[in-house]
Amino acid sequence: MQNTPPVISIVIPCYNEEAVLADTVKELTAVLDSMASKGIISTGSYILCCDDGSKDATWQVIETLHKSDKKVKGISLAHNRGHQYALLAGLMTSRGRCDAAISIDADLQDDPSAIIEMVKKFNDGKEIVYGVRRKRDSDTWFKRTSARKFYNLQKKMGVDSIYDHADYRLMSARALDLLADYGESNLFLRGIIPQIGLCSDVVYYDRRARMAGESKYPLSKMLSFSIDGITSFSARPMRMVFFIGLALMVADILVALYVTISIFCSDHLEAGWASLILSVWFLGSLILMSIGIIGEYIGKIFIEVKQRPRYAVRDILFD
């Protein structure tokens, strides 16, 4: 329980969001002001926009918003690093400067009114509060199906993630401190944060339509994101390759026995050109897939051992 109203930081990762950012900040500011007027949060609460090396005027919009309202803070990364890195940069900048940080995307498809319930749960002692979509009625059939498969696949591969939760969540100051101890370069925050433990809860909300602009997660990025999540937290794909190889070895032994029996029991044995070629293609594809899976893990090891900085901050507005 908080004895005094907590300082809340709302962290917004931004990439080419000049079309929506001003409206987003206006709506989130109204939410903060409403909670502050009721004594739910401190008047020192603020919004932190993290520009992920945008190619448009996103940073100029952040500078303008900061000049007109010091409640709006900003940091700009030196170059584009991706959503997860921009989000981490914002969270680590807020660390030590707030009692809890809430991350939300700039398009405000995640309903900002859920922030009020998140803060209430935080004031009741919860240290991590996940925003979870109540339903997916507005999504296309393909989007609903692929999302369901995505979460199910992660579970089967050993990734501890929250179903229908993206990156809309509240984290206490202690949770942020624990997150800072995770120094990996292959970031998948949806898998890392549940590992932190602590006392957690969920808040359900209805997802809204995007105000403007385009989605930053097309199918190709979603597939890449899914692969990153699985390979960052589970070695099961490599174990699966081993068992597939074992099963094929058993199949090869059975085929060898069949061929041997056919030679002795048949007067004429047809040359199995088609079956031979198909077998070669199948085994060749399996070998290439196996090498690809192993290569994915080796690539991640290669990136991790370099221990390069995960991001570089170019500018910061925090006065």
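As the structure is a computational prediction, the values presented were derived from the model and not from experiment. (Residues numbered from 1 in each chain as written. Predicted model: local features only at pLDDT ≥ 70, side-chain atom pairs only at ≥ 80, totals over all residues. Heavy atoms only, no water.)

## Focus: the overall build of the chain
Then, number 1: On a plain count of helices and strands, the chain comes out with 10 helices and eight strands.
Then, number 2: The buried share of the chain, reckoned over its 319 residues, is 41%.
Then, number 3: Put simply, of all contacts in the chain between residues at least 6 apart along the chain, 83% involve residues at least 24 apart.
Then, number 4: Carbon together with sulfur atoms contributes 60% to the accessible area of the chain, which is approximately 17000 Å² in total. (Helix = DSSP H or I, 4+ residues; strand = E, 2+ residues; numbered from the N terminus. Buried < 20%, exposed > 50% of the residue type's maximum accessible area, 1.4 Å probe, protein only. Contact = heavy atoms within 4.5 Å. Areas by Shrake-Rupley, 256 points an atom, 1.4 Å probe, with all protein chains shown as cover.)

## Some remarks on a nonpolar patch on the surface
Then, number 1: Side chains of Phe282, Leu283, Ile287 and Ile291 sit close together on the surface and give an oily, nonpolar patch of about 380 Å² of accessible area.
Then, number 2: Checked against the element boundaries, isoleucine 291 lands in helix α10 (residues 273-306). (Patch = residues over 30% accessible without salt bridge, like charges linked within 9 Å, V, L, I, M, F, W, Y side chains within 5 Å. Salt bridge = Lys/Arg side-chain N within 4 Å of Asp/Glu carboxyl O.)

## Observations regarding the environment of threonine 43
Then, number 1: Counting through the fold element by element, threonine 43 comes out in the loop between α1 (21-37) and β2 (46-51).
Then, number 2: Residue classification places threonine 43 among the exposed residues on the basis of a relative accessible area of 69%.
Then, number 3: Between the C-alpha atom of threonine 43 and that of proline 5, which follows or precedes it by 38 residues, the distance is 8.5 Å.
Then, number 4: Once residues within four sequence positions are removed from consideration, threonine 43 is found in contact with Ala36 and Lys71.

## Let's talk about the packing of aromatic side chains
Then, number 1: Enumeration according to the criterion identifies two aromatic pairs in this entry.
Then, number 2: With a centroid separation of 5.2 Å and an interplanar angle of 75 degrees, the aromatic rings of tyrosine 46 and phenylalanine 318 are classed as edge-to-face. Of this pair, tyrosine 46 sits in strand β2 while phenylalanine 318 is found in the segment after β8 (313-317), placing the two residues 272 residues apart along the sequence.
Then, number 3: On the basis of relative accessible area, tyrosine 46 is assigned to the buried category, the value being 4%.
Then, number 4: On the basis of relative accessibility, which here comes to 24%, the residue phenylalanine 318 falls in the partly exposed class.
Then, number 5: Between tyrosine 168 and tyrosine 205, the aromatic rings sit 5.2 Å apart at their centres with planes inclined by 80 degrees, giving edge-to-face as the arrangement. Taken together, the residues span a long stretch of sequence, with tyrosine 168 in strand β6 (residues 165-172) and tyrosine 205 in strand β7 (residues 200-205) at a distance of 37 residues. The two residues tyrosine 168 and tyrosine 205 agree in class, both being buried.
Then, number 6: Of note, arginine 81 hangs over the ring of tyrosine 85, and the distance from its end group to the ring centre comes to 4.2 Å. (Phe/Tyr/Trp six-rings, centres within 6.5 Å; stacked < 30°, edge-to-face > 60°. Lys NZ or Arg CZ within 6 Å of the ring centre and 35° of its normal.)

## What to know about helix α2 (residues 58-68)
Side chains three or four residues apart in an α-helix point the same way, a direct result of the helix having 3.6 residues per turn.
Then, number 1: Within the sequence span of α2, burial applies to Thr58, Trp59, Val61, Ile62, Leu65 and His66. In an axial view of α2, the angular spread of the buried residues amounts to 155 degrees, which keeps them on one side of the axis. Opposite the buried face of α2, by more than 90 degrees, sit the exposed residues Thr64, Lys67 and Ser68.
Then, number 2: Where α2 is buried, its residues meet β1 (8-14), α1, β2, β3 (72-77) and β8. (Arc of directions from axis to C-beta.)

## Digging into the environment of isoleucine 40
Then, number 1: Of note, isoleucine 40 is situated in the loop between α1 and β2.
Then, number 2: Relative accessible area serves as the criterion here: at 17%, isoleucine 40 is assigned to the buried category.
Then, number 3: The spacing of isoleucine 40 and lysine 120 is 80 residues in sequence and 7.6 Å in space, taken between C-alpha atoms.

## Quick notes on the confidence of the model for the chain
Then, number 1: For the chain, the average pLDDT comes to 80, and 70% of its residues sit at 70 or higher.
Then, number 2: Mean pLDDT across the elements of the chain ranges from a minimum in helix α8 (residues 219-233), with 61, to a maximum in strand β4 (residues 100-103), with 96. (pLDDT = per-residue confidence, 0-100.)

## Some remarks on the pattern of salt bridges
Then, number 1: Tallied over the full model, the rule gives nine salt bridges.
Then, number 2: Taking the shortest distance from any N to any O, the salt bridge between arginine 95 and aspartate 177 comes out at 2.7 Å. Taken together, the residues arginine 95 in the loop between α3 (83-94) and β4 and aspartate 177 in helix α6 (residues 173-180) connect sequence positions 82 residues apart.
Then, number 3: Classification of aspartate 177 by relative accessible area gives partly exposed; the value is 36%.

## With respect to helix α7 (residues 189-196)
Then, number 1: Counting buried residues in α7 gives seven out of eight residues, a clear majority hidden from the surface.
Then, number 2: For α7, the set of buried residues is Leu189, Arg190, Gly191, Ile192, Ile193, Pro194 and Ile196.
Then, number 3: The first or second residue beyond α7 is glycine 197, which carries a positive phi of 85 degrees.

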